[in-house]
Amino acid sequence: MTTHFITAEIDLQESPAKLHQEVVAELEKRGEPLRWAITNVDVTEQKATVEAIVTTTTESEKV
């Protein structure tokens, strides 16, 4: 198992629940999210910056 620090930009959503779903979906593309936080919101661009720690498993670890 390997951990990675990642940063992602997420489009702001119309509700907090939808924003949460969008963040989790984006992070799951990159691994298993351990923890994440919205660290910046750009209202002009309608973007949220998310910093996260995700884990990935290599093929040899899956066996």
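Refer to the structure above for everything that follows.
Residues numbered from 1 in each chain as written. Predicted model: local features only at pLDDT ≥ 70, side-chain atom pairs only at ≥ 80, totals over all residues. Heavy atoms only, no water.

(A) Fine view of the overall build of the chain. Scanning the chain for helices and strands turns up two helices and three strands. Viewed in the frame of its principal axes, the chain has a C-alpha envelope of about 45 × 20 × 15 Å. Across the 63 residues of the chain, 22% fall into the buried class. Sequence-distant contacts in the chain: of pairs separated by 6 or more residues, those separated by 24 or more amount to 52%. For the chain, the exposed area adds up to about 4600 Å²; of that, 49% sits on carbon and sulfur atoms. Charge-centre separation for the chain: the mean point of 6 positive side chains lies 3 Å from the mean point of 12 negative side chains. (Helix = DSSP H or I, 4+ residues; strand = E, 2+ residues; numbered from the N terminus. Buried < 20%, exposed > 50% of the residue type's maximum accessible area, 1.4 Å probe, protein only. Contact = heavy atoms within 4.5 Å. Areas by Shrake-Rupley, 256 points an atom, 1.4 Å probe, with all protein chains shown as cover. Lys, Arg positive; Asp, Glu negative; His and termini not counted. Charge placed at Lys NZ, Arg CZ, Asp CG, Glu CD.)

(B) Layout of the sheet that holds strand β3 (residues 47–56). Spatially, the three strands line up as an open sheet ordered β1-β3-β2, and their pairing is antiparallel. Of all the strands in the sheet, just β1 (2–11) and β2 (32–42) have a single pairing partner and so form its edges. Between one strand and the next, the sheet's axes are offset by a mean angle of 20 degrees, whatever the strand orientation. Bridge count for β2 against β3 is nine bridges, and the pairing is antiparallel. Paired with Glu32 across the strands is Thr55, a residue of β3. (Pairing = 2+ DSSP bridges. Axes fitted to C-alpha atoms, helices over the stretch in contact; angles between N-to-C directions.)

(C) Helix α1 (residues 16–28), seen in detail. The first and last C-alpha atoms of α1 sit 18 Å apart over 13 residues, in line with the 18 Å expected at 1.5 Å per residue. Residues of α1 that are buried: Leu19, Val23, Glu26 and Leu27. The buried residues of α1 occupy an angular sector of 95 degrees when the element is viewed end-on, so they sit on one face. In α1, those exposed residues whose orientation departs by more than 90 degrees from the buried face are Gln21 and Glu28. Tucked into the core, α1 has its buried residues touching β1, β2 and β3. (Expected span 1.5 Å × (residues − 1). Arc of directions from axis to C-beta.)

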